[in-house]
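Notes for the structure review
In case you want the letters, here they are:
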Amino acid sequence: MTNFATIQYKQTGQSQNTDALGMREMQARAYAKRFSQYLLIKAPPASGKSRALMFLALDKIYNQGLKKAIITVPERSIGASFASAPLSQKGFFRDWELPDHWDLTKSGNPKKIDSFCRFMASDDPILLCTHSTLRFAFEKLGVEAFDNILIAIDEFHHVSSNEDSRLGDIVHRLIDRDKTHLVAMTGSYFRGDTLSVLKPEDENKFIPVTYTYYEQLNGYNYLKTLGIGYHFYNGSYLDSIKAVLNPDLKTIIHIPHTNSTAADGDKYNAVSRIIDSLGIYLETDKETGLYHVKSSSGRILKIADLVEDGAEREKVIATLRAIKNREDVDIIIAMGMAKEGFDWIWCEHALTIGYRGSLTEIIQIIGRTTRDAPGKTHAQFTNLIAEPLESHTKVQEAVNNMLKAIACSLLMEQVLAPNYKFHSRKEGDHIDGSSRVISDDGTVRIKGLVEPTSDQVKRICDSDLGDLVATVLQDERVIKTGLNENMPAEIFSQNLLPDIIRKQYPQLDNDQVDEVRQHLAAKLAFSSPAIELDPQFTDQEQQKIQRDHPEAQAALAAGINPFIRMADKLVHVNDLHINLIDRINPFQSSYKIMSKTLTSEGLKVIHEVLHQNNSTISMTEDEACAWWPKIRAFFEEKQREPLLTSDHPVEQRMAEALIWIKKKRAETHA
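**Comments concerning the overall build of the chain**
Counting its secondary structure elements, the chain contains 22 helices and 20 strands. A total of 670 residues make up the chain; the buried ones form 54% of that total. Sequence-distant contacts in the chain: of pairs separated by 6 or more residues, those separated by 24 or more amount to 74%. Carbon and sulfur atoms form 48% of the exposed surface of the chain, whose accessible area is close to 29,100 Å².

Structure, rendered in structure tokens:
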């Protein structure tokens, strides 16, 4: 298994500390905006969004005059996060009390819509239900019934601006009537299908509260590092899973959906094969529903099966909702469950087989590992994914899954990195060489960077760059351009980024688009391994520093590094310019890792697909035909096809000609 990214945190404890009201840092930030009618909380898993909602809802009911609070979640397993909590013990003015009969996420209540209607007619203040229950109840009661009520929507990225989205339509109608309070909560304010969550006119009414992954994880007490990695397999994943499944780690395994190309047989057989790889099945505990399996080391593993969709699953779900101790569960096997909002603080490893439906889904799965817990110093996400080979019947699909997996790793690098602030440094505004490139408050000053000239551009640069990064990395053109090592980086930064920005913000003029583009390019570069922030110097570089930057010697001696490495070039803080950033390919490190990890055949297939979809291969039919005899002779001599990655330009051109010929043949026989 190779890690595409390993992020290290300082364990400051700040995100876990509480104030006089019992609020953690993110919760206090949200509570400060409690008088907002429309509140959008963008915060990572484990930051305390459910507890933040409790504080907000109680204040709105008992201090702001709202009648009720309705909390809605996408699936029942998340409901435990909103159970009754003694908030007054930590200093808040009231406890959070959710009676069992108004918790419609619990099993045993078949008439949920009737219960919802009884709640609306009662004097009771708090109800918890699923998104589905809210949709059906809304159709029955109408929009007017929700006047002067707070509706809190957890995992808000399930909302969509698409006209066919029923949940999105409910939100739009409530905002249009303007008599309901809304709190939207999500760890990923973007969708996997590239649609926007809200219509622009609706989104502009929300007051955002942003708490970054870096703030959350950097402020933990125990978790120090998070790894994002991939392991490639050939054949069946069930034959390869043992190489990445460590039974000593608390693990959630997500097997492929039944209709996925990665699926191998039926889902029940897959669970049995995984259990066999872990040890010998002993029994199913009658009380908890967990499998007991004896591992090769003699340990008795407790395994939760959420793939089984019979009556036993309800017992397993109840067990998982009641987890208190590390030893209660060892491994969870799931397919569509145990992702959003699922709280198992002991989880150390999320192992996902095959590419999931969207980047949003992957981020939610990774979020299962990012809880802080005693004794948990490292968390790991591993994607076990098929290596695309020429023998596969669906080569294009296999390559696309690979590219999406790489895009996910890049997105997580961006999401988990510090939230840098970029400002302009005027020409001639040199410093004495004793400063870091990134100041203590996370500010980077860049020559040639254009400062925002309007309030809207400033808001985008301050609050929306993270969401814009997700949009960029879900664009098929971006990943195929970024991983084409022959493509100049400027095409990515100066052609593709502006096009994406224009589609997201059609109201911006060309100058404003470029302002956003520069800040976005800087964020993409500084939040990826494309830039080495604290480089070690070669002997030749040290000699150059002594010669060209004598003023930097004192800073280096004091442990302050005023240099960074950009695209293998050492750059002094005074020389940092937007033109240099435009020449940075944030995909470069991923390409290098992929090149070392894949087999030569897998890498060749990816190169061919990338170049088949790349208009930069310019070749006439006559030239391709002229190359064909040489290609055949090359194959007879080398016993392989010519490679695009060759250092020899003649072999590169033969490889391009072969791609051109294969593409024409495919078009002819289509």
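**A short note on the pattern of salt bridges**
One pass over the full model with this rule turns up 28 salt bridges. Between arginine 517 and aspartate 582 there is a salt bridge, with the nearest N and O atoms lying 2.9 Å from each other. Taken together, the residues arginine 517 in helix α15 (residues 510–526) and aspartate 582 in the loop between α18 (578–581) and α19 (588–597) connect sequence positions 65 residues apart. For arginine 517, a relative accessible area of 5% translates into the label buried.

**Digging into the confidence of the model for the chain**
Of the residues in the chain, 88% reach a pLDDT of 70 or more, and the chain-wide mean stands at 85. Within the chain, the element-level pLDDT minimum falls on α19, averaging 64, and the maximum on helix α2 (residues 49–62), averaging 97.

**Structural notes on unusual backbone geometry**
The backbone of asparagine 148 sits at a positive phi, close to 60 degrees, despite the residue not being glycine. Among the secondary structure elements, asparagine 148 is positioned in the loop between α4 (131–141) and β5 (149–154). What makes asparagine 148 partly exposed here is its relative accessible area of 32%. Positive phi is not limited to glycine here, since aspartate 178 has a value of about 65 degrees. Counting through the fold element by element, aspartate 178 comes out in the loop between α5 (166–177) and β6 (181–186). Here aspartate 178 falls in the partly exposed class, since its relative accessible area comes to 38%.

**Looking at the sheet that holds strand β7 (residues 207–210)**
Pairing is parallel in the open sheet, where 6 strands are placed in the order β4-β3-β5-β6-β2-β7. The sheet is open, and its two borders are formed by β4 (126–130) and β7, each paired with just one other strand. Pairwise comparison of adjacent strand axes, ignoring direction, gives a mean angle of 15 degrees for this sheet. Packing of helix α3 (residues 112–121) onto the sheet brings it into contact with β3 (68–73), β4 and β5, and relative to β3 it is tilted by some 160 degrees. Together, β2 (38–42), β5 and β6 form the strand contacts of α5, whose direction differs from that of β6 by roughly 145 degrees.

**Observations concerning the sheet that holds strand β19 (residues 563–566)**
Judged by pairing direction, the sheet is antiparallel, and its 3 strands sit side by side in the order β18-β19-β20 without closing on themselves. Of all the strands in the sheet, just β18 (531–532) and β20 (569–572) have a single pairing partner and so form its edges. By the bridge criterion, 4 bridges tie β19 to β20 in an arrangement that is antiparallel. Following the sheet pairing, arginine 565 is matched in β20 by leucine 570.

**What about helix α8 (residues 267–278)?**
For α8, which comprises 12 residues, the first-to-last C-alpha distance of 17 Å matches the rise-based estimate of 16 Å (1.5 Å per residue) to within 8%. Burial in α8 covers these residues: Lys267, Ala270, Val271, Ile274, Ile275, Ser277 and Leu278. Down the axis, α8 shows its buried residues gathered within 155 degrees of arc, on one side only. Its side-chain oxygen at 2.9 Å from the backbone nitrogen of tyrosine 268, aspartate 266 defines the N-terminal cap of α8.

Scoring rules and cut-offs
- Residues numbered from 1 in each chain as written.
- Predicted model: local features only at pLDDT ≥ 70, side-chain atom pairs only at ≥ 80, totals over all residues.
- Heavy atoms only, no water.
- Helix = DSSP H or I, 4+ residues; strand = E, 2+ residues; numbered from the N terminus.
- Buried < 20%, exposed > 50% of the residue type's maximum accessible area, 1.4 Å probe, protein only.
- Contact = heavy atoms within 4.5 Å.
- Areas by Shrake-Rupley, 256 points an atom, 1.4 Å probe, with all protein chains shown as cover.
- Salt bridge = Lys/Arg side-chain N within 4 Å of Asp/Glu carboxyl O.
- pLDDT = per-residue confidence, 0-100.
- Pairing = 2+ DSSP bridges.
- Axes fitted to C-alpha atoms, helices over the stretch in contact; angles between N-to-C directions.
- Expected span 1.5 Å × (residues − 1).
- Arc of directions from axis to C-beta.
- Polar contact = N/O pair within 3.5 Å; in protein donor to acceptor, adjacent residues only side chain to side chain.

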